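Structural characterization, general
In case you want the letters, here they are:
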Amino acid sequence: MTTTSPDDHVLDNPAWHALTGPHSSFALGGDLVRRYPADVAPFVAVRTWEHPGVWQALVELVGPGQEIGISGADPELPEGWEELGRGDGVQLVQTDALRPLPFDEAVELGADDVPEMLALVERNQPGPFRPRTVELGRYIGIRRDGRLIAMAGERLHPQGWTEISAVATDAEHRGQGLASRLVLDVAHHIQRRGDRALLHAAAANVGAIRVYERLGFTLRRRTTFLAVRTPAIAGDRVFAGTP
């Protein structure tokens, strides 16, 4: 049985509900389009793709010729926009089977640890992580002989939910259950403050998805990730099919 409720509609557009909710202090933009600062997270959030001004608002927010990521939606791109890549993903949410617990070996990570965190992410590629991503929530890690070899933490924070992200373990330390223990520790602190935990993963990462399901997460929906480039601007006009 899942622990979702009627307010899980925020998970249909988690970045938007984070940037208009608990993460509003990070938000750049307005009532239609918002984003995190580039050194915090790459996410651009849209209130609704049905609004006729959404594409113009995106260009005004991020600028011409800029690469941005669109997650959880697959809108038809107007003229002048370029699709750079796409991928299939999944959104997982906690169920009543999840049994969070603290991990004594885990240490909390902060600004002084960012260079090592960035290096760990670069080695393992768990997903986007920027120099200020650590400001979005609580991050923890495992050190062996003083070296950071595993980490996990909190990223998107729509009201009532917190995303577990940046789950990474160096190859020579895998198979010890470190990622699972870190996820359960992060989930423990999420639940202590009254939130519920969610995860996003690439659909092709079936090994990680199986681990998350064994821990007590279940598939809520399948998603699409797009990388696109905004169009060029000539004078005051955007070549994006907008008037």
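Everything quoted here is computed from the prediction, not taken from an experiment.

**Digging into the sheet that holds strand S2 (residues 33-35)**
- Ordered in space as S1-S2-S3, the three strands form an open sheet in which the pairing is antiparallel. This sheet does not close on itself; its edge strands, each paired only once, are strand S1 (28-29) and strand S3 (44-46).
- Looking at chain direction, S1 and S2 are connected through two bridges and run antiparallel. Bridged to leucine 28 within S2 is arginine 35.

**Quick notes on the packing of helix H4 (residues 178-192) against helix H5 (residues 206-215)**
- Two elements in contact, H4 and H5, have axes separated by 11 Å at closest approach and are oriented at 50°. With respect to H5, the element H4 is oriented oblique. Relative to H5, the crossing made by H4 is right-handed. Residue-level inspection shows Ser180, Val183 and Leu184 of H4 in contact with H5, the latter providing Val211, Tyr212 and Leu215.
- When its residues are assigned to classes, the contact of H4 with H5 shows five nonpolar, one polar and no charged.

**Here's the deal with the nonpolar core**
- Judged by nonpolar contacts, the single largest core of 27 residues is most densely connected at Ile142, Ile164, Leu182, Val183, Tyr212, Leu215 and Phe217.
- Going through the elements one at a time, strand S5 (82-94), strand S7 (139-144), strand S8 (147-154), strand S9 (161-169), H4, strand S10 (196-202) and H5 are the ones with two or more residues in this core.
- Counting residues per element, this core draws most heavily on H4, which supplies seven residues.
- Excluding residues that lie within four positions of it along the chain, phenylalanine 217 makes contacts with Leu92, Val93, Gln94, Thr95, Leu98, Ile164, Val183, Ala197, Leu198, Leu199 and Tyr212.
- Membership of the second largest hydrophobic core comes to 16 residues, among which are Val33, Val54, Ala57 and Leu58.

So, how was this worked out
- Residues numbered from 1 in each chain as written.
- Predicted model: local features only at pLDDT ≥ 70, side-chain atom pairs only at ≥ 80, totals over all residues.
- Heavy atoms only, no water.
- Pairing = 2+ DSSP bridges.
- Helix = DSSP H or I, 4+ residues; strand = E, 2+ residues; numbered from the N terminus.
- Axes fitted to C-alpha atoms, helices over the stretch in contact; angles between N-to-C directions.
- Parallel < 35°, antiparallel > 145°, perpendicular 65-115°, else oblique.
- Left-handed = near helix turned anticlockwise from the far one by under 90°.
- Contact = heavy atoms within 4.5 Å.
- Nonpolar A, V, L, I, M, F, W, Y, C, P; charged D, E, K, R; others polar.
- Core = buried A, V, L, I, M, F, W, Y, C linked by side-chain atoms within 4.5 Å.
- Buried < 20%, exposed > 50% of the residue type's maximum accessible area, 1.4 Å probe, protein only.

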